[in-house]
Amino acid sequence: MNANVCIVGGGAAGLMAAISSAQSGTKMIVVDSNSNPGRKLLKTGGGRCNITHSHSVDEFLNACRPYSRFLRHCIYEFSPEAVCDFFRDKDIDLITEANGSVFPVTNRASDVLRVLVDTARRGDVEFVQNCTIDTIEKKDDIFSLRSKSKEITCERVIIATGGKSLSLTGSRGDGYKFASFFGHTINTPRACLVGLIASDNWLQGKLGGVSLRDVEISLKLSNKKHSLRGPMVFTSNGIGGPVVLNVSREIVDELISGDVELSIDILPDFNENLLRQEIINRINSNPKRELASIFTDLLPRSLAIIICQMATQKRNLIANQLDKSSRTKLISLLKKLPITIIKTRGIEEATVTRGGVSIEEIDSKTMQSKIVDSLFFAGEVIDVDGPCGGYNLQIAFSTGMLAGRSATKRN
Ligand SMILES: Cc1cc2nc3c(=O)[nH]c(=O)nc-3n(C[C@H](O)[C@H](O)[C@H](O)COP(=O)(O)OP(=O)(O)OC[C@H]3O[C@@H](n4cnc5c(N)ncnc54)[C@H](O)[C@@H]3O)c2cc1C
């Protein structure tokens, strides 16, 4: 088989790269290991597919620090607004949630995938499925891509093989092998947007599954305080849930050199004075009840029991026996529950991969390799990532669009 451009990987990035050059006269092939493209896309947003975030370009880039500079050009070229227009033009109505996350109104990732695949097919893009590329080589300006049963030759290659998480969807990190063969630096792939494992005894095996609707997690990095707010859940040995995934993004690099201390404000709507008064009022109204039970409408009972025990050093203390110093300790624990994070959960469970092909060696204006002419990269295989909320698909779409346009322009 031969083509002008071969895209390795038919995920969000590869499909958008294919679409960008449809009907341009470029012969384009998309190769994917799976029997159908976009397997990971179907899993996104719990099957609802959070396609982007409704930010201005500058806000979007700011949220994607430390990769903002590299992403600037492609996000301007194909912005969150342009992504929304792209899908609306194809009769996918969208809904923006209060936090800015954008979903198809149908809440079906399969609708998003169908539009991407149909648009590519209409543009005469050829799909080669069930084909895992094992090697990519270049000789005399021609690339040759080999799988067990096929050889594809082409003038340009876009590597869009994704990261390393959820490998059953096909993203096993093969792109790192190809890039490294061509002399690219691969920054160690690691889990990002992932649950965190803590060393604290008080939560080991005791709170798994207990969820909190709204907490504020604070941490200090390079002497700067960061605070993130949202829902969380305790796991058997740590913490998870939406706000924790974003916290993981802040600390994944710090965890390489050691533990990270976090504090959780379990009741962020109360300031300390308000909380003190609330506790006093509740004790006065229920003096003979067990202390932990006076909080039942504010926090889950299992967590209330543990926190009361930590504050008073007693089991089942009666409310009116709470002395002033234990009350101060209780308030402090409710507002700044300390947790020591020792590591993230594994990369297989992660939403995205931190690390990958170094952005120092990719031209951000074209997505072309600075090392090998006519070799391009798109999507999660590149060492870029964004927070939860549609940022990572937008990055895949924008880098894919730019890589596809750049590879096509060469025709
Ligand atoms: C559970 C989950 C939920 C998520 N939800 C969201 C969300 O709602 N919003 C959001 O913005 N982000 C979300 N993400 C992140 C997002 O899915 C990814 O960042 C995005 O899909 C990356 O796209 P990609 O095209 O770079 O890679 P992928 O989607 O991983 O696609 C890579 C493709 O390359 C193919 N491939 C790999 N190696 C080879 C090879 N050697 N030969 C041939 N083909 C190969 C694979 O089969 C795969 O189809 C989620 C991630 C997970 C795991």
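Residues numbered from 1 in each chain as written. Predicted model: local features only at pLDDT ≥ 70, side-chain atom pairs only at ≥ 80, totals over all residues.

(A) Inspection of the overall build of the protein at higher detail. For the protein, the helix and strand inventory stands at 12 helices and 20 strands. Overall, the protein is about 85 × 45 × 35 Å in size when its C-alpha atoms are taken along their principal axes. A total of 411 residues make up the protein; the buried ones form 45% of that total. Within the protein, residue pairs in contact and separated by at least 24 positions form 73% of the contacts whose partners lie at least 6 positions apart. (Helix = DSSP H or I, 4+ residues; strand = E, 2+ residues; numbered from the N terminus. Buried ≥ 20, exposed ≤ 12 C-beta atoms within 10 Å, placed from the backbone. Contact = placed C-beta atoms within 7 Å.)

(B) Examining helix α6 (residues 174–181) more closely. Buried within α6 we find D174, G175, Y176, F178 and A179. Each element contacted by the buried residues of α6 is listed here: β7 (135–139), β9 (151–159), β10 (186–192) and β17 (352–357). Looking one or two places after α6, you find G183, whose phi comes out positive at around 95 degrees.

(C) Spotlight on the packing of helix α1 (residues 12–20) against helix α5 (residues 109–122). For the pair α1 and α5, the least separation of the axes is 8 Å and the interaxial angle reads 35 degrees. As α1 runs across α5, the sense of the crossing is left-handed. Every residue of α5 that contacts α1 at L15, A18 and I19 is listed here: L116, V117, T119 and A120. For the contact of α1 with α5, the residue count by class is 6 nonpolar, 1 polar and no charged. (Axes fitted to C-alpha atoms, helices over the stretch in contact; angles between N-to-C directions. Left-handed = near helix turned anticlockwise from the far one by under 90°. Nonpolar A, V, L, I, M, F, W, Y, C, P; charged D, E, K, R; others polar.)

(D) Structural context of the site of the ligand. Near the ligand there are 40 residues, and of these G9, G11, G162, G170 and G379 occur at the shortest range. With 4 residues, helix α12 (residues 391–409) is the largest single contributor of residues to the shell around the ligand. In terms of residue class, the shell around the ligand is made up of 14 nonpolar, 20 polar and 6 charged. (Near = placed C-beta within 6 Å.)

(E) Focus on the sheet that holds strand β3 (residues 52–53). The sheet built from 3 strands is open, its strands ordered β3-β5-β4 with antiparallel pairing. A strand with exactly one partner marks an edge of an open sheet, and here the two such strands are β3 and β4 (94–96). The sheet contact formed by β3 and strand β5 (residues 101–104) spans 2 bridges and is antiparallel. Within β5, the residue paired with H53 across the bridge is S101. (Pairing = 2+ DSSP bridges.)

(F) Structural context of the sheet that holds strand β16 (residues 337–344). Strand order around the closed barrel formed by 6 strands is β11-β14-β13-β12-β15-β16, with antiparallel pairing between neighbours. Shown here is a sheet whose adjacent strand axes are inclined to one another by a mean of 45 degrees, direction ignored. Two elements, strand β15 (residues 260–265) and β16, share 5 bridges in a ladder whose sense is antiparallel. Each bridged residue has a counterpart across the sheet, and for E261 the counterpart in β16 is T340. Relative to strand β13 (residues 224–234), helix α7 (residues 242–251) is tilted by about 145 degrees, and along the sheet it contacts β11 (196–198), β12 (211–221), β13, β14 (238–240), β15 and β16.

(G) Seen up close, the domain arrangement of the protein. Its domain assignment divides the protein into domain 1 (2–191 + 353–409) and domain 2 (195–345). The C-alpha-based centres of domain 1 and domain 2 are spaced at 39 Å. Contact with domain 1, which involves 6 residues of that partner, is made by 7 residues of domain 2. For the side of domain 1 that touches domain 2, the class distribution of residues is 3 nonpolar, no polar and 3 charged. (Domains from an automatic or database assignment.)

(H) Fine view of α1. With respect to burial, α1 is a largely interior element, 9 of its 9 residues being buried. Buried within α1 we find A12, A13, G14, L15, M16, A17, A18, I19 and S20. The inward-facing, buried residues of α1 contact β1 (2–8), β2 (28–31), α5, β9 and α12.

(I) Structural view of the packing of α1 against α12. Running from N to C, α1 and α12 cross one another at 40 degrees; their axes reach a closest spacing of 7 Å. Considering only the axes of α1 and α12, their crossing is right-handed. Of the residues in α12, those touching α1 at A12, A13, G14, M16, A17, A18 and S20 are L393, A396, F397, T399, G400, M401, A403, G404, R405 and T408. Looking at side-chain class alone, the contact of α1 with α12 contains 10 nonpolar, 6 polar and 1 charged residues.

(J) Local environment of the environment of T235. Considering the arrangement of structural elements, one finds T235 in the loop between β13 and β14. Residue classification places T235 among the buried positions, given that 21 C-beta atoms sit within 10 Å. Separated by 28 residues in sequence, T235 and L207 place their C-alpha atoms 6.6 Å apart. Leaving out residues up to four positions away in the same chain, T235 has contacts with G195, G208 and G240.

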